[in-house]
Amino acid sequence: MDTTQPPTQYDQAFWAALRRDQFYLDPNVIFLQGGSVGPSPKPVVDKVTSSIRAFDSDPLKHQGIFHPLVEEARKKLADFVGTRPERLSLVQNTTMGMSVPAQGLLFNAGEEIVMTDQEYGAVSMCWEYIAERRGMTIKRVTLPLEIENTEQIVRLYREQMTDKTKVMVFAHVYWSTGLVTPVKELTALGREHGAWVIVDGAHAVGMTPVALDDWNPHFYITSCHKWLLSAKGTGMLFVSDDAHEHVEPLILGGSVRPNPNASRFDMMGTRDQTPFIGLGTAIDFQNEIGWDRIRDYCQGLAGYLKERLKRIRGAKVFTPVDRDMSGFLTTFTIEGADIIKIRQELWDDEHIETVAFHIKDVPVFRISTHFYNSLEDIDRLVREIEKRL
Ligand SMILES: Cc1ncc(COP(=O)(O)O)c(C=O)c1O
């Protein structure tokens, strides 16, 4: 299906009922900001809360009962992202997962870290810190706001790679423009140069297909509480077989015992396991609807938004239209408009939740469209923006 093809009427009725019956979302809010943190469907919230109640009815008994449920979630997640559970660590979020290779690999002064000028703040700061502490140099790929094709991204990275490159960091989906990058090709480039390939997949899982064993980066990290709509504080770290023995655990304890599985990186002592039980439910929820169906609908919504924006004078969309390079985020500017002010008014006056920020000094809106959104949500957003121009 082409990205610009809107959903059919039949489809719209299906998704409207789903939103009405399966979410706790406030019906007075148009939530177009799931890219930051997604609303979990009712079965996920209910699973977590009932698990908390069960746990506190008899904590020690439930520690034992919960363990296999968490492992089941790890297995479901592995199937979802195309790998084996042995290669997955369950961490709390992308920030934590990114810290494992950053703090756990051995680096030497003079080595180089290659990443773009559009990495997410926490990711960029993490590597800036490591560079400063270890005497490394950061080489920035200048990623334009508008990308022509996937080869351009690979070429821009290749230009920065040298025989000193030790770390290559890139996002699978850029938080800024929603650009989806070619993980397989970039991984091949990094491996060719002998660099550790570290992928920030915070937005990718639940938005775009992920095939980790096929691509085989050294590390791939995501936050399942974004597009997978999992319980909050459920992240994932993939560790390739050839990286495993080179990285030290972030938290020392049971993790120091010999263990060939990536689960050693999630050992943190006693903590709440219920969000990970909810993770299993979140994956079941999406699998029951059908991931292809979800993707078609959400790409259709994003495509519809891109089409609608063409009618606004001065609007410029930075997210590619091509399905290989885009997902469910749409970033655009409007020449001459005070976008930050309009965003605030949309929330204050209309309860339309969006986000606006500057990227390379250009003010932009970033709109997240998930399956709990509708064509009417988009029409309403565009109408309310137009009124304020
Ligand atoms: C691209 C990207 N990377 C990393 C993160 C950090 O995710 P978390 O806050 O779940 O650790 C975010 C959060 O929005 C993000 O957009």
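Going by the structure above, here's the rest.
Just so it is clear, the structure is predicted and the values come from calculations on it, not from any experiment. (Residues numbered from 1 in each chain as written. Predicted model: local features only at pLDDT ≥ 70, side-chain atom pairs only at ≥ 80, totals over all residues. Heavy atoms only, no water.)

K.L.:
Pulling in residues and values, what's your account of the overall build of the protein chain?
P.N.:
Counting its regular elements, the protein chain contains 13 helices and 13 strands. Taken over C-alpha atoms, the radius of gyration comes to 21 Å for the protein chain, in line with the 21 Å a tight globule of 389 residues would show. Put simply, the protein chain has 389 residues, and 56% of those count as buried. Within the protein chain, contacts between residues at least 6 apart in sequence are counted, and of these 71% link residues at least 24 apart. Counting only carbon and sulfur atoms, one obtains 50% of the accessible surface of the protein chain, whose full area is about 16400 Å². Distance between charge centres in the protein chain, computed from 43 positive and 53 negative side chains, equals 2 Å. (Helix = DSSP H or I, 4+ residues; strand = E, 2+ residues; numbered from the N terminus. Rg over C-alpha atoms; globule rule 2.2 N^0.38 Å. Buried < 20%, exposed > 50% of the residue type's maximum accessible area, 1.4 Å probe, protein only. Contact = heavy atoms within 4.5 Å. Areas by Shrake-Rupley, 256 points an atom, 1.4 Å probe, with all protein chains shown as cover. Lys, Arg positive; Asp, Glu negative; His and termini not counted. Charge placed at Lys NZ, Arg CZ, Asp CG, Glu CD.)

K.L.:
An account of the environment of Ala211 is needed here, citing residue identities and associated values.
P.N.:
Looking at where Ala211 falls in the secondary structure, it is placed in the loop between strand E6 (196-200) and helix H8 (212-215). Excluding its chain neighbours within four sequence positions, the residues that come into contact with Ala211 are Val81 and Gly82.

K.L.:
Provide a residue-level description of helix H13 (residues 375-387), including the pertinent values.
P.N.:
The α-helix winds at 3.6 residues per turn, so residues separated by three or four positions along the chain end up facing the same way. Over its 13 residues, H13 runs 18 Å from end to end, which matches the ideal 18 Å to within 8%, given 1.5 Å per residue. When we look at burial in H13, the residues that qualify are Leu375, Asp377, Ile378, Asp379, Leu381, Val382, Glu384 and Ile385. (Expected span 1.5 Å × (residues − 1).)

K.L.:
Please give an account of the site of the ligand that cites residues and values.
P.N.:
Asn93, Thr94, Thr95, Tyr120, Val123, Trp175, Asp200, Ala202, His203, Ser223, His225 and Lys226 make up every residue found near the ligand. One of the side-chain nitrogen or oxygen atoms of Lys226 is found 2.5 Å away from an oxygen atom of the ligand. In isolation the ligand offers 390 Å² of accessible surface; the protein chains occlude 87% of this area. When grouped by side-chain class, the residues that make up the shell around the ligand number four nonpolar, six polar and two charged. (Near = heavy atom within 4 Å. Polar contact = N/O pair within 3.5 Å; in protein donor to acceptor, adjacent residues only side chain to side chain. Nonpolar A, V, L, I, M, F, W, Y, C, P; charged D, E, K, R; others polar.)

K.L.:
Describe the packing of helix H1 (residues 9-22) against helix H11 (residues 291-309), listing the residues and the values that go with them.
P.N.:
Taken N-terminus to C-terminus, the directions of H1 and H11 make an angle of 105°; their axes are 12 Å apart at the nearest point. Classified by the angle between their axes, H1 and H11 sit roughly perpendicular to one another. For the pair formed by H1 and H11, the contact residues are Tyr10, Asp11, Phe14 and Trp15 on the first element and Arg293, Ile294 and Tyr297 on the second. In terms of residue class, the contact of H1 with H11 is made up of five nonpolar, no polar and two charged. (Axes fitted to C-alpha atoms, helices over the stretch in contact; angles between N-to-C directions. Parallel < 35°, antiparallel > 145°, perpendicular 65-115°, else oblique.)

K.L.:
Could you give an account of unusual backbone geometry, with specific residues and numbers?
P.N.:
Non-glycine residue Leu229 carries a positive phi angle of around 60°. In this fold, Leu229 is placed in the loop between strand E7 (219-223) and strand E8 (235-239). Here His351, not a glycine, exhibits a phi torsion of approximately 55°, which is positive. Here His351 is to be found in the loop between helix H12 (339-350) and strand E11 (352-353). In this structure His351 comes out as partly exposed when scored by relative accessible area, which is 37%.

K.L.:
How would you summarise the sheet that holds strand E10 (residues 329-334) if you had to cite specific residues and measurements?
P.N.:
Strand order in the open sheet formed by four strands is E9-E10-E13-E12, and the pairing between neighbours is antiparallel. Two strands lie at the open edges of the sheet, namely strand E9 (315-317) and strand E12 (355-359), each paired on one side alone. For this sheet, the mean angle separating the axes of adjacent strands, direction not counted, is 35°. As defined by bridge partners, E9 adjoins E10 across three bridges and the pair is classed as antiparallel. Each residue of the ladder has a partner; that of Lys316, found in E10, is Thr333. Contacts from H11 reach E9, E10 and strand E13 (362-368) within the one sheet, and its direction differs from that of E10 by about 10°. (Pairing = 2+ DSSP bridges.)

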